[in-house]
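So you can see what is in the structure, the chains are spelled out below.
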2 protein chains.
Amino acid sequence: MATIYEVSKLAGVSLATVSRVMNNNTPVRESTRKKVLAAMEQLGYRPNSIAQSLASNCSNSVGILVSELHGPFYGAMLTGIEAEFRAAGKHVIIAAGHSELATEQEGIEFLQSRSCDALILHVEAVSDDYLIKLAQTDTPFVLLNRQIPALADRCISLNNELGGYLATQHLLAQGHRDIAYIAGPMWKTDAKERYQGHQRALADYQLVANPALFFEGDFRETGGSKGLSAILATGLPFTALVCGNDEMASGALTAARELGLSVPDSFSVVGFDNVNFAYYTYPKLSTIDYPISAMGQMAARWVLREVYRSATVEVQQLFEPHFIPRDSVKACSPT
Amino acid sequence: MATIYEVSKLAGVSLATVSRVMNNNTPVRESTRKKVLAAMEQLGYRPNSIAQSLASNCSNSVGILVSELHGPFYGAMLTGIEAEFRAAGKHVIIAAGHSELATEQEGIEFLQSRSCDALILHVEAVSDDYLIKLAQTDTPFVLLNRQIPALADRCISLNNELGGYLATQHLLAQGHRDIAYIAGPMWKTDAKERYQGHQRALADYQLVANPALFFEGDFRETGGSKGLSAILATGLPFTALVCGNDEMASGALTAARELGLSVPDSFSVVGFDNVNFAYYTYPKLSTIDYPISAMGQMAARWVLREVYRSATVEVQQLFEPHFIPRDSVKACSPT
DNA sequence: TTGTAGGCGTTATCAT
DNA sequence: ATGATAACGCCTACAA
């Protein structure tokens, strides 16, 4: 592989000049520029990005830590991020944190050791304090799907509470009063906030959530099926079920079918996230939209603006969810 | 950030010695090792990976090019790859090729310019010749889901033809004779091979595929729904439908339901890939298993073995699919 | 076992 | 506008 040195020799100029035409940061006479370009072309010269990084103290790489690489949710997020960075010539290093404390911390350290210029973190297990400490470090980072007041300027998040509110509010407006709830792991902020929204919507109608109709699931399909069984086992009547995310809703739909119950005739179901497959369940799932791809893109832009100082479009940090009506909810028939 | 130099000063040894304890490739007296370790600890020393890369001519990074970052298929693949590399201390740079020629080539060049030690390529649009030329370059790469005879030693692929054969064979064994087929884009090798397997299975029964019952889709859900409409529009009878992948099968299921047809009573459906949501469709989709996560892992191992010379477990390059019976197929009732 | 010194391919600061 | 030359932080013969 040709080096800058060989290019300079062939072009009959100095190292520095070659560097200048590459980065065009310093004026170079047009004729010499041409000479250099020609030499580069002739040698098939490609700058060594490692050497550039060492000398410029900028690796042009940003680390992404997500909980999982698979699953409809993170895929959409990564797509938004990658597209934005690729266009800017930055590259993306990914690591999975698996929602586990140790793995998430390791992941962050791993990414830091790779000398990323910045980090985009979608972490769940790590504590607020840990992140606040991390902010003292000289590796800048943005937080996706998390709200920490002390770090508000680097948080990009959805109003989960509002989403939870909207889901339940829609059911209430349809006449439902006995509403079961399958939550995600309540130690996860988004699961908790969604549930709080649920409670607020109930309060609007002078109602209170019935603890017997509550189940704490795992955000996965099995959580939905187990949750439904548990709720049915109470023998209590209910006409609607809110699930903390679409995966659990899908599990609940499947379980209901296997038990001979039909949705929405036996009861209505609402999910959360609007992942791509929500449209392909049967019945099609009514859910809350989570614009995760756009949010990933915003995280990328934040980095572009704050770290690479490129003049980019506005960065939106707070996103509002909205309700997507489909076929899994119907009005509560007066009995 | 502390450098190796400061560590050496604090420990009272030379630069070289510090480097040696880090890489432990050269014997170092235990007492000096301790001193160095202590100094590193005290300074919170972290090696600069960029400098390491420049000096050692090894970036410890491998580039991954996939068609898409979202979708159940690639997610599973990335998971297999990331886990394997992370454990080996290598990191993963990803790029999306979107199944488009220009984007795939750009992606490869992008990854090369990032001085990856190796590439894992899941490319569809790029030609065999291009890849054969690429093999002359000094960037080693493995091919996932592609078979090129001249590059056989770096191909990790599934026997798609066999998969296609198994899908149809199962239907034939269940008594089906009029079998419709919704293929993926036929310029994609896997789509073509799956269809060839379909034809071979038919041939076993002295049957020939009916071109009127064939539809070329796009591997996406809409392909399945459009395909089903097109096939129904012919008015020809059929009792089973094979789809080139699960996404299209899912689309066909949804479309069938909307048309008032019930699967598998009106007709049976088989998919391909066994993506995670295949279990959550209604009815649960009978399909062909595609062990993509394991294949991703193998690609990673190939790199570990061939490029990083680490003694790893055997690398399996050829994978065999098998049939997963679920609820979308039933025996053809004799009429 | 340990130290010395040259090199990896750029960038960037001075001069000129 | 251009050229020397010193970083950048580490690795690795070669010597001792």
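The preceding data block contains the structure.
This one's a predicted model, so the numbers in the text were calculated from it and none came from an experiment.

### What about the protein's contact with DNA strand C?
Part 1: Taken together, 26 residues are adjacent to DNA strand C, and A:I4, A:S19, B:R20, B:R29 and B:T32 come closest.
Part 2: Sugar and phosphate atoms form 63% of the subset of DNA strand C atoms that lie within 4 Å of the protein.
Part 3: Mapped by element, the contributors of at least two residues to the surface near DNA strand C are α2 (15–23) and α4 (49–56) of chain A together with α2 (15–23) and α4 (49–56) of chain B.
Part 4: Across the surface near DNA strand C, the residue classes tally to twelve nonpolar, ten polar and four charged.

### Some points on the interface of chain B and chain A
Part 1: Taken together, the contacts link 39 residues of chain B with 39 residues of chain A.
Part 2: Overall, the association of chain B and chain A removes approximately 3,900 Å² of surface from exposure, summing both partners, and the carbon and sulfur fraction of that is 59%.
Part 3: The largest contributions to the chain B side of the interface with chain A come from B:I50, B:R86 and B:Y280, which together make up 18% of the buried area.
Part 4: Connecting chain B to chain A are two salt bridges.
Part 5: Salt-bridge contacts for A:K284 lead to B:E258; the nearest nitrogen and oxygen are separated by 2.7 Å.
Part 6: Where chain B touches chain A, the interface holds 22 residue pairs in polar contact (both at pLDDT 80 or more).
Part 7: Of all elements in the fold, only α4, α5 (72–88), β2 (91–96), α6 (101–113) and α11 (246–258) of chain B reach the threshold of two or more residues within the side of chain B that touches chain A.
Part 8: Residues of the side of chain B that touches chain A, tallied by class, amount to 14 nonpolar, 16 polar and nine charged.

### Things to note about the sheet that holds strand β9 (residues 268–270) of chain B
Residues and elements named next belong to chain B.
Part 1: If you trace the four strands from one edge of the open sheet to the other, you get β7-β6-β8-β9, paired in parallel fashion. Each end of this open sheet is capped by a strand with a single partner; those strands are β7 (214–216) and β9. Sheet twist, expressed as the mean angle between neighbouring strand axes with direction ignored, is 15 degrees.
Part 2: Helix α9 (residues 189–204) rests against β6 (179–183), β7 and β8 (240–243) of the sheet, and its axis sits at about 165 degrees to β6.

### Thoughts on the packing of aromatic side chains
For any two aromatic rings, the description comes down to two numbers: the centre-to-centre distance and the angle of the planes.
Part 1: Within this structure, the stated rule accounts for 13 aromatic pairs over all chains.
Part 2: Summarising the aromatic geometry, the rings of A:F73 and A:Y74 are spaced 5.3 Å apart at their centres and angled 85 degrees between planes, so their arrangement reads as edge-to-face. Note on accessibility: A:F73 and A:Y74 belong to one class, buried.
Part 3: Members of the aromatic cluster, each reached through a chain of ring pairs, are A:F73, A:Y74 and A:Y290.
Part 4: Over the ring of B:Y308 we find B:K90; its NZ or CZ atom is 4.0 Å from the centre of that ring.
Part 5: Over the ring of B:F141 we find B:R154, and its NZ or CZ is 4.5 Å from the ring centre.

Reading guide: rules and limits
Residues numbered from 1 in each chain as written. Chains lettered and ligands numbered in written order. Predicted model: local features only at pLDDT ≥ 70, side-chain atom pairs only at ≥ 80, totals over all residues. Heavy atoms only, no water. Near = heavy atom within 4 Å. Helix = DSSP H or I, 4+ residues; strand = E, 2+ residues; numbered from the N terminus. Nonpolar A, V, L, I, M, F, W, Y, C, P; charged D, E, K, R; others polar. Contact = heavy atoms within 4.5 Å. Buried area = accessible area lost by both parts, 1.4 Å probe. Salt bridge = Lys/Arg side-chain N within 4 Å of Asp/Glu carboxyl O. Polar contact = N/O pair within 3.5 Å; in protein donor to acceptor, adjacent residues only side chain to side chain. Pairing = 2+ DSSP bridges. Axes fitted to C-alpha atoms, helices over the stretch in contact; angles between N-to-C directions. Phe/Tyr/Trp six-rings, centres within 6.5 Å; stacked < 30°, edge-to-face > 60°. Buried < 20%, exposed > 50% of the residue type's maximum accessible area, 1.4 Å probe, protein only. Lys NZ or Arg CZ within 6 Å of the ring centre and 35° of its normal.

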